[in-house]
Amino acid sequence: MKSIIIAAGSGRRIPEFSKLIPKSLIKINKKSLLKRQIDLMRKSEIREIAIVKGFKSNKINFKRIKYFYNKNYKKNEQLDSLFSANEWFTDDLLITFSDIIYEDSIIKKIIKSKHDFTIAIQKDWKKKYKNRFDHPIDQADKVFIKKDKILDIGKKLSGDKTSGEFLGIFKISKKISNIFINQYKILKKTKITEKLQIHDFFRYLIKKNINIKPTYVNGKYMEIDTYNDFKIAKEMFNEK
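In this text the structure is predicted, and so the values were computed from the model without any measurement. (Residues numbered from 1 in each chain as written. Predicted model: local features only at pLDDT ≥ 70, side-chain atom pairs only at ≥ 80, totals over all residues. Heavy atoms only, no water.)

### Notes on the environment of aspartate 91
At step 1: Of note, aspartate 91 is situated in the loop between helix H3 (78–82) and strand S6 (93–97).
At step 2: In this structure, the C-alpha to C-alpha distance between aspartate 91 and glycine 168, residues 77 residues apart in sequence, is 20 Å.
At step 3: Once you skip the residues sitting within four places of it in the chain, aspartate 91 turns out to touch Met1, Lys2, Ile172, Ser173, Lys174 and Ser177. (Helix = DSSP H or I, 4+ residues; strand = E, 2+ residues; numbered from the N terminus. Contact = heavy atoms within 4.5 Å.)

Okay, structure coming up:
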């Protein structure tokens, strides 16, 4: 299994850090978000790790990592950044956003999943939005699940159609990796993709009758989108 960490963005909503470094290099208790993810992946026996970088790319420099550069990072969102690494889609893949921090139990559970295409879902997700005053619930990547199948995903889902939150971690088999590449090429022929997020692509795949399974995870998790998120995460992961 290989992995891809999407880390090309500029972190516009957290200028306290992004004036100097990519958001993915923010340190939570002495270890950057990227270093923490890399360490957890290696601990889980993932040896081939790639990072898609763009903003202040010279700052991201870890050993034994494959790098892809998204030259259009100023215009692109998550989807086009991911496919900057399309040559890496030759094996089972674990894909993560770079601006998240999580316990190793979360990544271990999704790695162990037998599904061809599965995304990490947290059912008890609303509580962490209690103090996120500058990142309200309506900005969450919500999911609607029925009979163990994801039927819809996105920020616009209503409360009665929300079964949990997508955490920015997913796994695809080699077979699905090929489908990803082919469907992305088809999508680009009909639509401008530069502003599309990963969840937009998932919705597109659902409409193509591609089955996405949930992997329910528990444990500490936080997305770092604002300075307030950083403060919450720092307290949450106050490891001794």
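### Focus: helix H6 (residues 198–207)
At step 1: Counting buried positions over the 10 residues of H6 gives 7, a clear majority of the element.
At step 2: At the exit of H6 stands asparagine 209, carrying a positive phi of roughly 65°. (Buried < 20%, exposed > 50% of the residue type's maximum accessible area, 1.4 Å probe, protein only.)

### Thoughts on helix H4 (residues 104–112)
At step 1: For H4, the full list of buried residues reads Ile106, Ile107, Ile110 and Ile111. For H4, the angular spread of the buried residues around the axis is 125°, confining them to a single face. (Arc of directions from axis to C-beta.)

### Re the packing of aromatic side chains
At step 1: With the rule as written, the count across this model stands at 20 aromatic pairs.
At step 2: Geometrically, the ring pair formed by phenylalanine 83 and phenylalanine 89 is stacked, given 5.3 Å between the ring centres and 15° between the ring planes.
At step 3: What makes phenylalanine 83 buried here is its relative accessible area of 5%.
At step 4: When the ring of phenylalanine 97 is compared with that of phenylalanine 166, the centres are 5.8 Å apart and the planes differ by 80°; the resulting orientation is edge-to-face. (Phe/Tyr/Trp six-rings, centres within 6.5 Å; stacked < 30°, edge-to-face > 60°.)

Honestly, it's all geometry; don't read function into it.
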